[in-house]
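Architecture at a glance
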Amino acid sequence: MRLAAVEERMSAMVETSGRRRLRGYALPAVSVGILALLTLCLAWRNLSAAPVTSDYQKWEAIGKGAAEESLVLLKKAGHAARKGDLIALTNAGHAEINGASTEGALDGLAHATGVSRGRNTLVEVHAATWDRPWFAVYDKGSGFCAYLEVNPVTAAAMTTVPKRLPADFFGVCAVERIDAKHLESHVDEFKAKLDKKFFGGNEFRIVTMANAIAEGAPVSVVRAFEFHDHYCPGVTSGILMAGYLKKHFAPGAGGHYFVYAVDPWCKEDALLVLLNATPGKRGYAATYPADADKARRVPEAKDVCNLVFRQNPETKQWDGLALAFQWAETGCPKTGNGLLDRLCADLWYLKRMDRPEDFVKVVKTLELPEGVNPKDWARPGVDPLEQLGLLQPVQSSEPAAAGS
Ligand SMILES: [Zn+2]
């Protein structure tokens, strides 16, 4: 680390000066003054670099260091960010280093940037425990975003917590302008940068989420894309479906849903989060149909993607909806770049979150027979669409028996 190297050099200078004095060389008064100052600095640094006593203390310092370095990077890009304009995204709290939690980084990051969960400006991006921790600080005032990635070896070797982390503590440091308006008019330049993975391969998730929050994405949208770990039109369709159910098919007091995905895609992650219907709580099932399975559907059920059931708390009977999602013509230009095309569609749908009826279609209303639970239709080998009469009968390949 650079700080350690400086410290070593400074120690060597002090040592050398000591040897000189012993040999009887008189140093000029100015040099003695400088050396005294350096010695004081060293002593101060040693006093201020507290030993690491907990994962929380260490990662709180790393989160704070990431925030401070981000502000330096944003300033170098030509814009001193205002605290109220900042949005921070990180996978800290999910990612681990050598089995240690990185959660303390959230507090350090929030404290130094002023972002918070309550203001919807601190995004905790879902990740696997083995993913490398990273931080992104977006300044919606300038459109610039700083990105820092933790070097796991450096972080694991950290035994003291200095007042300020050395600038080279982070393995990857970058700053780029990523606001949608700028990207729209710099497509080729952006594509070339994207090939170099300027945010360590996290470009898609950071660019889509940061722009959505800057455009005022409501907390339900943020909860859904945090879990999905990126913001895409696919997860948008799930958010709109959840919005439709809330308005037109509410479960009633104390009630809950059972969701069956008969054509799963990104939307399932939004439905899991926003309806709190999960497989673990026996509220969600999914099957992945092949083309041949889809070909068996009756024309009416061709686009059905989810069956959603709710239970009447008094009669205990279940009713449901067979839903389809109708994609809209957004008018977004086809740039030939998946990130930019999806970003444009994301922001288009974001403006229409209060109109789920425009996109969510009820193909059929369902009434389960008395005593039948939707879980009964999620058993191995049972196809709920067959139970609902939405599949064509299998054509028998056996020749018809004579006389039959
Ligand atoms: Zn997705």
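Up top is the structure these notes are about.
Here goes a summary of the coordinates provided. (Residues numbered from 1 in each chain as written. Predicted model: local features only at pLDDT ≥ 70, side-chain atom pairs only at ≥ 80, totals over all residues. Heavy atoms only, no water.)

Moving on to the side chain of aspartate 139. With respect to the helices and strands, aspartate 139 occurs in strand E6 (residues 134–139). Arginine 82 provides the closest opposite charge to the buried, salt-bridge-free aspartate 139, at an N-O distance of 7.0 Å. A polar side-chain atom of aspartate 139 sits 2.8 Å from a polar atom in the side chain of serine 142. Leave out the neighbours within four places in its chain, and aspartate 139 touches Leu74, His79, Ala81, Asp85, Leu86 and Phe144. (Helix = DSSP H or I, 4+ residues; strand = E, 2+ residues; numbered from the N terminus. Buried < 20%, exposed > 50% of the residue type's maximum accessible area, 1.4 Å probe, protein only. Lys, Arg positive; Asp, Glu negative; His and termini not counted. Salt bridge = Lys/Arg side-chain N within 4 Å of Asp/Glu carboxyl O. Polar contact = N/O pair within 3.5 Å; in protein donor to acceptor, adjacent residues only side chain to side chain. Contact = heavy atoms within 4.5 Å.)

Around the zinc ion, the donor atoms from the protein are His228 (NE2), His230 (NE2), Cys232 (SG) and Cys266 (SG), and they sit 2.2 to 2.5 Å away. Every donor residue of the zinc ion comes from the same chain, spaced as H-x1-H-x1-C-x33-C. (Donors = N, O, S within 2.8 Å, 3.2 Å for Na, K, Ca; no water.)

Once that is clear, we can look at the sheet that holds strand E11 (residues 284–286). With respect to topology, five strands assemble into an open sheet ordered E11-E10-E12-E13-E14, the strand pairing being mixed. The sheet terminates laterally at E11 and strand E14 (360–367), the two strands that pair on one side only. Adjacent strand axes in the sheet meet at a mean angle of 20°, parallel and antiparallel pairs treated alike. The pairing of strand E10 (residues 257–261) with strand E12 (residues 304–311) spans five bridges and is antiparallel. Across the sheet, the residue bridging to valine 259 is valine 308, located in E12. Against the sheet, helix H10 (residues 233–248) touches E10, E12, strand E13 (318–325) and E14, its axis set at about 145° to E13. Where helix H11 (residues 267–275) meets the sheet, its contacts fall on E10, E11 and E12, and the angle it forms with E12 comes to roughly 15°. (Pairing = 2+ DSSP bridges. Axes fitted to C-alpha atoms, helices over the stretch in contact; angles between N-to-C directions.)

As a further point, take the side chain of threonine 102. Topologically, threonine 102 is positioned in the loop between strand E4 (100–101) and helix H4 (104–113). A distance of 2.8 Å separates the side chain of threonine 102 from the backbone nitrogen of glycine 93, its partner in a polar contact.

Of all hydrophobic cores here, the largest spans 64 residues; its most connected members are Leu89, Ile178, Phe225 and Tyr231. Taken domain by domain, the makeup of this core includes at least three residues from each of domain 2 (51–216) and domain 3 (233–387). Among the nonpolar cores identified, the runner-up in size contains 30 residues, and Ile62, Ala88, Leu148 and Ala155 belong to it. (Core = buried A, V, L, I, M, F, W, Y, C linked by side-chain atoms within 4.5 Å. Domains from an automatic or database assignment.)

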